[in-house]
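In case you want the letters, here they are:
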Amino acid sequence: MHEDGTLHSIDGLRRLEANAARRLGDDRALMRRAGLAAWHAVLAHWPDARRIVVACGPGNNGGDGHELAMHALACGRDVSVVGLPATSPAGGTAAEAVRRYTEAGGRSQVFDGRLPHADLVVDALFGIGLHRAPEGDAARLIEAINSHGAPVLALDVPSGVDAGTGTVPGIAVQASHTLEFMRRKAGLWTGAALNHRGTASLDTLELETTDFDGVEAVAMRWTVDALAHALPARRRDSHKGQHGRVLCIGGDHGHGGAIVMVAEAALRVGAGLVEVATRPAHVAPLLARRPEAMARGCDVLGGVTLEGSLAACDVVAIGPGLSQSEWAREAVPWVSRAGKPLVLDADALNLLAESAWPVVPSDTILTPHPGEAARLLGVTTPDIQRDRLASARQLAERHGCTVVLKGAGTVVASPGRRPVVIAAGNPGMAVGGMGDVLTGTIAALRAQGLDAFEAACTGALLHAAAGDRAVLEGGARGLLPTDLSPWLRRLANPDFPDPR
Ligand SMILES: NC(=O)C1=CN([C@@H]2O[C@H](COP(=O)(O)OP(=O)(O)OC[C@H]3O[C@@H](n4cnc5c(N)ncnc54)[C@H](OP(=O)(O)O)[C@@H]3O)[C@@H](O)[C@H]2O)[C@@H](O)CC1
Ligand SMILES: Nc1ncnc2c1ncn2[C@@H]1O[C@H](COP(=O)(O)OP(=O)(O)O)[C@@H](O)[C@H]1O
Ligand SMILES: [K+]
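Residues numbered from 1 in each chain as written. Chains lettered and ligands numbered in written order. Predicted model: local features only at pLDDT ≥ 70, side-chain atom pairs only at ≥ 80, totals over all residues.

Caption draft 1: How the structure looks around the site of ligand 1. The environment of ligand 1 is made up of 27 residues, and the closest members are Gly59, Asn60, Asn61, Gly127 and Gly129. Only helix H1 (10–24), helix H2 (29–45) and helix H3 (60–74) provide two or more residues apiece to the shell around ligand 1. Residue contributions to the shell around ligand 1 peak at 4 residues, all from H3. In terms of residue class, the shell around ligand 1 is built from 14 nonpolar, 8 polar and 5 charged. (Near = placed C-beta within 6 Å. Helix = DSSP H or I, 4+ residues; strand = E, 2+ residues; numbered from the N terminus. Nonpolar A, V, L, I, M, F, W, Y, C, P; charged D, E, K, R; others polar.)

This is the structure in structure tokens:
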């Protein structure tokens, strides 16, 4: 079976292991495949590595390391296996791998505070079996790997990372590349794990369909290729009304730019009409920058003006720069009554956290960053980050709607749908206003006919991918939210140039 875009929990992977071992009638077969796949990864990424250090732990991850060491040895490389002192000798399948390596003439040494010189370090300390923060010798060995200077290939998981949740409870290996086995691990694609994973690849170890009996993926991983299928088609004879009308509400005194960025992104992602309701003082600067937008200056966010705009629109994007003033609160009953699909961001979420909104309809999209998510769930930001997938799911259940939990490895969750993790985006995007661009992006897709979950997933991917493309032009530092505009447009048209 080939990669299928699924992300798995530790429990799921354990079940997969057990099913495959039963089918193969040999619980050593998978480890042998893993070791060989790891050796192929070395040949693919570092073909000239002559001296290879393999840091092996006491479990099956260490067994994979010994299998790899055996292949490297057989191919004439200078191999040193370094193990942890004071751990009980490997048992079961790992012991068999140690025996094979030793019988092939392999040497092992106990970590004495220093690692030998090498062109490549392989991290085979801990995989999915990590169950506490590394301490003592384990922590020192990880520190030595990180300060060694050679590139680091992590087998299955960078040691020290919790592959189920993405949390990093203590010190963890800083891998150049991680080779995952069997299936991708949910925790390696979101949150703090991204600091440790480096680039990543997968070897499925030739699993078969029957191995997946009773194994449910916990999420799907979306990469930029998904855009080709996710974006709505456009009829040749379409008119602007069919591409949806977005009403953007926000931009109180002192935050006028936020709602301008929402509007600009919505236009660049293809909304047919975009209207902005903001403070009167912000209308002229908005029109000077984006004459394509319609603008209403409102000293009161309600009444006939807003009612007319609400009646005409297909989607309301509310929150960026909204503040929590009386002006902002005024809008809530009007917007709630309108019965339009909503995208709630920033201060609209803060108002939701303090119960200023009535229950939100199920086709609403919430786009919290971890701080806003913490306020919504009444927990701390570290609580949210400890298990981002679970946090997004919990928020989606609590409010009965779609949630986009932003940040490195954005997670989209919705009741009854399998969550999606966005495998795109970069730290250049950590700058004020970047979330406003996401709000406009998602609102525009919703206006063009995608359902709430599809619009949220596609919008989050489009936004992150545009950020990745924009970064290539001049680096992460200094990237501005509006730098994404041309890339939003380019990536929103995967079939460009259109031969028609
Ligand atoms: N089974 C199979 O068929 C296949 C398995 N595969 C491979 O096996 C990996 C999973 O192997 P695994 O279950 O043996 O767990 P693993 O990650 O080696 O760690 C457990 C060991 O580490 C120890 N330990 C844990 N945390 C610690 C800490 N903080 N500090 C110190 N020690 C700590 C723990 O010791 P304990 O504390 O329990 O005494 C135990 O000894 C998987 O990721 C993949 O690489 C592949 O080959 C495919 C086929
Ligand atoms: N390190 C990162 N990696 C990937 N994406 C990031 C990173 N930091 C921020 N982002 C993205 O940038 C956007 C920031 O949004 P937000 O925090 O709401 O900013 P603001 O409120 O200033 O507009 C989100 O879409 C988030 O996913
Ligand atoms: K490892």
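On we go from here.
Caption draft 2: Expanded view of the site of ligand 2. Lining the immediate surroundings of ligand 2 are 19 residues, of which Lys406, Gly425, Met429, Ala430 and Gly435 lie closest. Mapped by element, the contributors of at least two residues to the shell around ligand 2 are helix H15 (434–447) and helix H16 (452–471). No other element matches H15, which puts 4 residues into the shell around ligand 2. The residue makeup of the shell around ligand 2, split by class, is 8 nonpolar, 9 polar and 2 charged.

Caption draft 3: Structural context of the sheet that holds strand E11 (residues 245–249). As summarised here, the arrangement of the 12 strands in space is E8-E1-E10-E19-E18-E17-E16-E15-E14-E11-E12-E13, forming an open sheet in which the pairing is mixed. The sheet is open, and its two edges are formed by strand E8 (184–185) and strand E13 (294–297), each paired on a single side. H16 contacts strand E10 (219–222), strand E16 (365–366), strand E17 (402–405), strand E18 (411–414) and strand E19 (417–422) of the sheet and is inclined by roughly 175 degrees relative to E18. (Pairing = 2+ DSSP bridges. Contact = placed C-beta atoms within 7 Å. Axes fitted to C-alpha atoms, helices over the stretch in contact; angles between N-to-C directions.)

Caption draft 4: Focus on helix H5 (residues 136–146). Listed as buried for H5 are Ala138, Leu141, Ile142 and Ile145. Angular distribution of buried residues about the axis of H5 spans 100 degrees; they occupy a single face of the element. Looking at the buried positions of H5, the neighbouring elements they touch are strand E2 (51–56), strand E5 (120–124) and strand E6 (152–155). (Buried ≥ 20, exposed ≤ 12 C-beta atoms within 10 Å, placed from the backbone. Arc of directions from axis to C-beta.)

Caption draft 5: The nonpolar core, seen in detail. Ranked by size, the top nonpolar core spans 167 residues in total, and within it Val54, Ala55, Val122, Val246, Cys248 and Ala266 carry the most contacts. When residues of this core are assigned to their parent elements, the largest contribution, 13 residues, is made by H16. Counting only domains with at least three residues in this core, you end up with domain 1 (6–217) and domain 2 (225–491). Not counting chain neighbours up to four residues away, the residues in contact with Val54 comprise Gly65, Leu68, Ala69, Val79, Val81, Val122 and Ala124. (Core = buried A, V, L, I, M, F, W, Y, C linked by C-beta atoms within 7 Å. Domains from an automatic or database assignment.)

Caption draft 6: Representation of the domain arrangement of the chain in the model. For the chain, the domain assignment lists domain 1 (6–217) and domain 2 (225–491). On a C-alpha basis, the centroid separation for the pair domain 1 and domain 2 is 40 Å. Each partner contributes residues to the interface: domain 1 has 11 residues there, and domain 2 has 11 residues. For the side of domain 1 that touches domain 2, a count of residues per class yields 6 nonpolar, 5 polar and no charged.

Caption draft 7: View of the confidence of the model for the chain. For the chain, mean pLDDT is 96; residues scoring 70 or higher make up 99% of the total. Here the complex is predicted with pTM 0.96, and the ipTM for its interfaces comes to 0.94. (pLDDT = per-residue confidence, 0-100.)

Caption draft 8: Molecular detail of the pairing of E11. With respect to burial, E11 is a largely interior element, 5 of its 5 residues being buried. Here E11 shows no split at all, with Arg245, Leu247 and Ile249 on one side and Val246 and Cys248 on the other all buried. Pairing between E11 and strand E12 (residues 273–278): 5 bridges, direction parallel. Considered in E12, the bridge of Val246 is made with Val274. Handedness of the crossover joining E11 and E12 through helix H7 (residues 256–268) is recorded here as right-handed. Two elements, E11 and strand E14 (residues 315–318), share 4 bridges in a ladder whose sense is parallel. Bridging from a neighbouring strand, Leu247 pairs with Val316 of E14. (Right-handed = clockwise from strand over helix to strand, strands pointing away.)

Caption draft 9: A look at unusual backbone geometry. Backbone geometry places Met182, a non-glycine residue, at a positive phi of 70 degrees. Along the chain, Met182 turns up in the loop between strand E7 (177–181) and E8. Exposure remark for Met182: the 23 C-beta atoms within 10 Å place this residue in the buried category. Of note in this structure, Ser323 is not a glycine but carries a positive phi near 70 degrees. Within the fold, Ser323 resides in the loop between E14 and helix H10 (326–338).

Caption draft 10: The arrangement of the environment of Leu227 in detail. If you trace the backbone, Leu227 turns up in helix H6 (residues 227–230). Given 18 C-beta atoms within 10 Å, Leu227 falls into the partly exposed group. With 167 residues separating them along the chain, Leu227 and Gln394 place their C-alpha atoms 27 Å apart. Excluding its chain neighbours within four sequence positions, the residues that come into contact with Leu227 are Leu461, Leu462, Ala465, Leu491 and Pro494.

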